[in-house]
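# Survey of secondary and tertiary structure
Here is how the chains run, residue by residue.
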Protein chains: 2
Amino acid sequence: MSMLKIATKRKTARKFKTAPINEDDIKYILETAIQAPSGSNTQPWRFIVVSDPDKKHRIREAAEKGEQAFYESISEERKKRYNAMGLSPAKPMLTEAPVLIVVLGDTTAPNYKPSVWVSIAYAILAVEERGLASVTYTPSDPVLVTEAVMAPDNFLVESILPLGYSDDPKKKADRKGLSELAFRDKWGVNFE
Amino acid sequence: MSMLKIATKRKTARKFKTAPINEDDIKYILETAIQAPSGSNTQPWRFIVVSDPDKKHRIREAAEKGEQAFYESISEERKKRYNAMGLSPAKPMLTEAPVLIVVLGDTTAPNYKPSVWVSIAYAILAVEERGLASVTYTPSDPVLVTEAVMAPDNFLVESILPLGYSDDPKKKADRKGLSELAFRDKWGVNFE
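Summary of the structure given here. (Residues numbered from 1 in each chain as written. Chains lettered and ligands numbered in written order. Predicted model: local features only at pLDDT ≥ 70, side-chain atom pairs only at ≥ 80, totals over all residues. Heavy atoms only, no water.)

### Some points on the packing of helix α2 (residues 23-33) of chain A against helix α6 (residues 112-129) of chain A
Residue and element names in this part refer to chain A. Selection criterion: Helix axes use the C-alpha atoms of the stretch in contact, all axes being lines fitted to C-alpha atoms, and the angles between their N-to-C directions lie in the range 0 to 180 degrees. Every helix listed is a DSSP run of H or I at least four residues long, and every strand listed is a run of E at least two residues long, numbered separately from the N terminus. In this scheme, a crossing is called left-handed if the near helix is turned counterclockwise away from the far one by less than a right angle; it is called right-handed if the turn is clockwise. Only heavy atoms matter for contacts: two residues are in contact if any of them lie within 4.5 Å across the pair. Charged means Asp, Glu, Lys or Arg here, nonpolar means Ala, Val, Leu, Ile, Met, Phe, Trp, Tyr, Cys or Pro, and polar covers whatever is left, Gly included.
For the pair α2 and α6, the least separation of the axes is 8 Å and the interaxial angle reads 145 degrees. Our pair here, α2 against α6, has a crossing hand that is right-handed. Contacts between α2 and α6 pair Y28, I29, T32 and A33 from the former with S119, Y122, A123, A126, V127 and E129 from the latter. Partitioning the contact of α2 with α6 into residue classes produces 7 nonpolar, 2 polar and 1 charged.

Shown next, in the form of structure tokens:
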């Protein structure tokens, strides 16, 4: 399948079947992710593949604690917008998905975040190719989740990718066209 | 070609042939990039496709001004490490590559950076698939480059992707294995 086809087909899932997934698929996804480029080749990404129910539960609790504090901090308007999108502090996907890939960044590597996110993007395209689904969930309080997975001090959770077969009927959100997003030679001159 | 093959084959180029590239390829790369997921589907990415020599020159000047200031600010040790990797404040690739894709982020979208970098990752994999090459160059002073492309105040340059046929003989930098980068259920328990 072409890159454009995989990218177009790939959509976010927030509900997952509890069916287990293949070890081969997990390995394939990680092997793809670690091929990403990184500043000065620091490879500032680490992955914890979590399938143990107790550990998933602990991660979910830490994540939800952070989400609750976040929801209490935002405006009523923004809260309404999130509710309308079906978002809330509850993150059942973190225990329902058969596997979580917890992605951490090495905070001592200069400008590590872009590299980690390129690697996450490689991963989610490999997820799609393998017929699986995910969402790049970014905890509102990454420190709480980092503590829950007991990572060393210089690492910080960037994202959790719940991984499984999609049980999410939601269609892929519409994308704007290149006429809105791309310009030619200067801002304001439409690409097409 | 599988995702793993494209990801593995893809390597950074910092030297480019001056040969022009196909419009079709540019469009394909952008169409792939805009399929990326983004927080609340804000699609906080914009792309300026620059082929005009004067405009490339202006971008290079702005970028190099930022690099010079950065190099003056870092330790001698770090400077030596960069020199050993062939990095310097001079960025000839910004005028030599036939096309630059300037990628900007909408700074008003919450947590826009991860989304923009996922979209950049989609783009560079499409670049590889099309037989082209790129590097995710991040200007040390993005404000200078943002001014050079005259983007509105709420946008900031995240990266410039010089785009063309590779003229860079450098091999892909080695990657660590999953045994160093991935764990199972908890930090320190090797994935394999």
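### Focus on the relation of the copies chain A and chain B
Threshold: For this overlay, a least-squares fit was computed on C-alpha atoms, restricted to residues scoring pLDDT of at least 70 in both copies.
When chain A is fitted onto chain B, the two copies agree to an RMSD of 0.0 Å after a turn of 180 degrees and an axial shift of 0.0 Å. Within this description, the copies of the chain are treated as partners about a two-fold rotation axis. Same-surface contact between copies: 100% of interface residues of chain A are shared with the interface of chain B.

### Some remarks on the sheet that holds strand β4 (residues 182-184) of chain B
Heads up, the condition is: Here a strand pair is declared whenever DSSP counts at least two bridges between the two strands.
Spatial strand order, β3(A)-β2(A)-β1(A)-β4(B)-β5(B): 5 strands in an open sheet with mixed pairing. Of all the strands in the sheet, the pair left with one neighbour each is β3 (155-163) of chain A together with β5 (186-190) of chain B. Across the sheet, the mean angle from the axis of one strand to that of its neighbour is 35 degrees, orientation sign disregarded. As judged from the 8 bridges shared by strand β2 (residues 99-106) of chain A and β3(A), these two strands associate in the antiparallel manner. Residue pairing for β3(A): A:V99 is matched across the bridge by A:L163. Sheet strands in contact with α6(A) are β1 (45-50), β2 and β3 of chain A, and its direction is about 15 degrees off that of β3(A).

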